[in-house]
Amino acid sequence: MNVYVTYEELKEYLTSKPGEAIKDDQLLKQFVIKTSRLFDEYCERKFYPRIETRYFDHPTDGLIEDAWPLDSNLITAQVARVRTDELWLDDDLLAATTLTTNNGATTITSSDYLLLNGQKYAPTPYNVIRLQPNGTTTAFKYTNTPYKANALAGAWGFHNDYANAWEDSQDTVENNPLSISGTSITVNDADGADKYGLTPRFRVGQLIRIESEYLHVTGKDVNTNTLTVIRGVNGSTAAAHAQNTAIEIYRPMPAIVAIMEMMATHFYRRRHSIGSDTDRAIASSTGILIM
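Conventions we followed
- Residues numbered from 1 in each chain as written.
- Predicted model: local features only at pLDDT ≥ 70, side-chain atom pairs only at ≥ 80, totals over all residues.
- Heavy atoms only, no water.
- Helix = DSSP H or I, 4+ residues; strand = E, 2+ residues; numbered from the N terminus.
- Buried < 20%, exposed > 50% of the residue type's maximum accessible area, 1.4 Å probe, protein only.
- Contact = heavy atoms within 4.5 Å.
- Areas by Shrake-Rupley, 256 points an atom, 1.4 Å probe, with all protein chains shown as cover.
- Axes fitted to C-alpha atoms, helices over the stretch in contact; angles between N-to-C directions.
- Parallel < 35°, antiparallel > 145°, perpendicular 65-115°, else oblique.
- Left-handed = near helix turned anticlockwise from the far one by under 90°.
- Nonpolar A, V, L, I, M, F, W, Y, C, P; charged D, E, K, R; others polar.
- Expected span 1.5 Å × (residues − 1).
- Polar contact = N/O pair within 3.5 Å; in protein donor to acceptor, adjacent residues only side chain to side chain.
- Pairing = 2+ DSSP bridges.
- Arc of directions from axis to C-beta.
- Patch = residues over 30% accessible without salt bridge, like charges linked within 9 Å, V, L, I, M, F, W, Y side chains within 5 Å.
- Salt bridge = Lys/Arg side-chain N within 4 Å of Asp/Glu carboxyl O.

## So, the overall build of the protein chain
Secondary structure summary: the protein chain contains four helices and 14 strands in total. A total of 291 residues make up the protein chain; the buried ones form 44% of that total. Taking the intrachain contacts of the protein chain between residues at least 6 apart in sequence as the baseline, contacts between residues at least 24 apart amount to 67%. For the protein chain, the computed accessible surface area is about 15,600 Å², with 51% contributed by carbon and sulfur atoms.

Written out as structure tokens, the structure is:
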């Protein structure tokens, strides 16, 4: 699922008249999924967190990118500048869990490395790991083969303020307990206010987190205060949770929410247009793009 705007939010966005009722729930659910994946494809990155272990080769001798153009007399010096205390990542990192080097033989503690966004220490996402010069492990290493010598487990994805991306729902698990296979979560108030006083706090399509487990909300019953969920999504592992465990809600970047509302509305409004194609805009004979 991993939508950047829920279908309930889209319904509110589409409603322009008092008492107006949008009844195309299934269609709206399809559009919010479709627009979210189109946005991922266009940007060539994902804007939701996922738990994953990624592997990286040992940093090899080579030329530093910012050294170009090179004088032939300086090539040897430039090669010598390659750093084995830095690991450049191939995806957006939101939070690191476990870092190993030397083909899994050495675990590097979090106090021994720094996470960087380019050459900055904030904000997320990170794309560089730099080892501390006074740490226990000061260089990335390998044994026998340099391939996949380093491994990093963590939360991957793009968010420019991940420290505040998970919001307290103001609600808790009321199952006693929530079993590892349970797909129905009882809460205190399914349509109650969130921390900003907005209702409802829970919406179908949300990504929520209970301890370290991610779950997708696929249904909601405000009469019984229950949420129907898919367990252990986005690479996380389903687990049992005790009663009164806090529930957190993932909040995508506000700018992306706004873009998704506009894109999904465009597709929804055009679906009955003569000759329309919801996958692309149509160019008129004048060469003007019709939106």
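Continuing now.
## Things to note about the packing of helix α2 (residues 25-43) against helix α4 (residues 254-270)
The description of two helices packed together rests on the angle between their axes and the distance between the axes. Running from N to C, α2 and α4 point in directions that differ by 125°, and their axes come no closer than 9 Å. The angle between the axes of α2 and α4 places the two elements in the oblique class. Along this stretch, α2 crosses α4, giving a crossing that reads as right-handed. Along the contact surface, α2 presents Leu27, Leu28, Phe31, Thr35, Ser36, Leu38 and Phe39, while α4 presents Ile256, Ile259, Met260, Met263, Ala264, Phe267 and Tyr268. For the contact of α2 with α4, the residue count by class is twelve nonpolar, two polar and no charged.

## With respect to α4
Under the 1.5 Å per step criterion, the end-to-end length of α4 is 25 Å for 17 residues, consistent within 8% with the ideal 24 Å. Restricting attention to buried positions, one finds in α4 the residues Ile256, Val257, Met260, Glu261, Ala264, Thr265, His266, Phe267, Tyr268 and Arg270.

## Thoughts on the side chain of threonine 172
Inspection of the secondary structure assignment puts threonine 172 in strand β7 (residues 166-172). Of the polar contacts made by the side chain of threonine 172, one reaches the side chain of glutamate 174; its length is 2.6 Å. A polar contact is formed between the side chain of threonine 172 and the side chain of asparagine 188, at a distance of 3.1 Å. Dropping the residues within four chain positions of it, threonine 172 is found in contact with Thr186, Val187, Asn188, Asn244, Thr245, Ala246 and Ile247.

## Considering the side chain of aspartate 85
Here aspartate 85 lies in the loop between α3 (75-80) and β2 (86-101). Overall, aspartate 85 belongs to the buried group, its relative accessible area being 17%. Here arginine 83 takes part through its side chain, which lies 3.0 Å from a polar atom of the side chain of aspartate 85.

## Brief notes about the environment of arginine 203
By secondary structure assignment, the location of arginine 203 is in the loop between β8 (184-186) and β9 (207-210). Arginine 203 sits twelve residues away from aspartate 191 along the chain, and the two C-alpha atoms are 8.3 Å apart. Polar side-chain contacts of arginine 203 include one of 3.2 Å to the side chain of glutamate 12.

## Remarks on the sheet that holds β8
With antiparallel pairing, six strands are arranged side by side in an open sheet as β7-β12-β9-β10-β11-β8. Where the open sheet ends on each side, the last strands, each with one partner, are β7 and β8. Recorded for the sheet is a direction-independent mean angle of 40° between the axes of neighbouring strands. Two strands pair when backbone bridges link them, and strand β10 (residues 213-221) and strand β11 (residues 226-230) are joined in this way by five bridges, in the antiparallel orientation.

## Observations concerning the environment of arginine 269
By secondary structure assignment, the location of arginine 269 is in helix α4. A distance of 3.2 Å separates a polar atom in the side chain of arginine 269 from the backbone oxygen of leucine 14.

## As for the pairing of β10
Of the strand pairs in this sheet, β9 and β10 are connected by four bridges, and their pairing is antiparallel. If you follow arginine 209 over to β10, its bridge partner there is tyrosine 214. Here β9 folds back onto β10 in antiparallel fashion, the turn holding two residues, of which glutamate 211 has a positive phi close to 55°. What sits between β10 and β11 in their antiparallel hairpin is a turn of four residues, with asparagine 225 showing a positive phi close to 55°.

## Observations concerning helix α1 (residues 7-14)
Buried within α1 are the following residues: Tyr7, Glu8, Leu10 and Leu14. Around the axis of α1, the buried residues are gathered within 160° of arc, so they sit on the same side. Considering only its buried residues, α1 is in contact with α2, β10 and α4.

## Looking at a nonpolar patch on the surface
Where nonpolar side chains cluster on the molecular surface, the patch consists of Tyr13, Ile259 and Met262 and spans about 270 Å² of accessible area. Structurally, the position occupied by isoleucine 259 is in helix α4.

## Side note on unusual backbone geometry
Here the bond from alanine 122 into proline 123 is cis, since omega is 0°, no more than 30 degrees from zero. Mapped onto the elements of the fold, proline 123 is located in the loop between β4 (113-116) and β5 (126-131). Going from threonine 124 to proline 125, the amide bond is cis rather than trans, its omega being 5°. Unlike most non-glycine residues, asparagine 102 shows phi in positive territory, near 60°. Its location among the elements puts asparagine 102 in the loop between β2 and β3 (106-108). Residue classification places asparagine 102 among the buried residues on the basis of a relative accessible area of 17%. For asparagine 244, which is not glycine, the phi torsion reads 75° and is therefore positive. Checked against the element boundaries, asparagine 244 lands in the loop between β11 and β12 (246-250).

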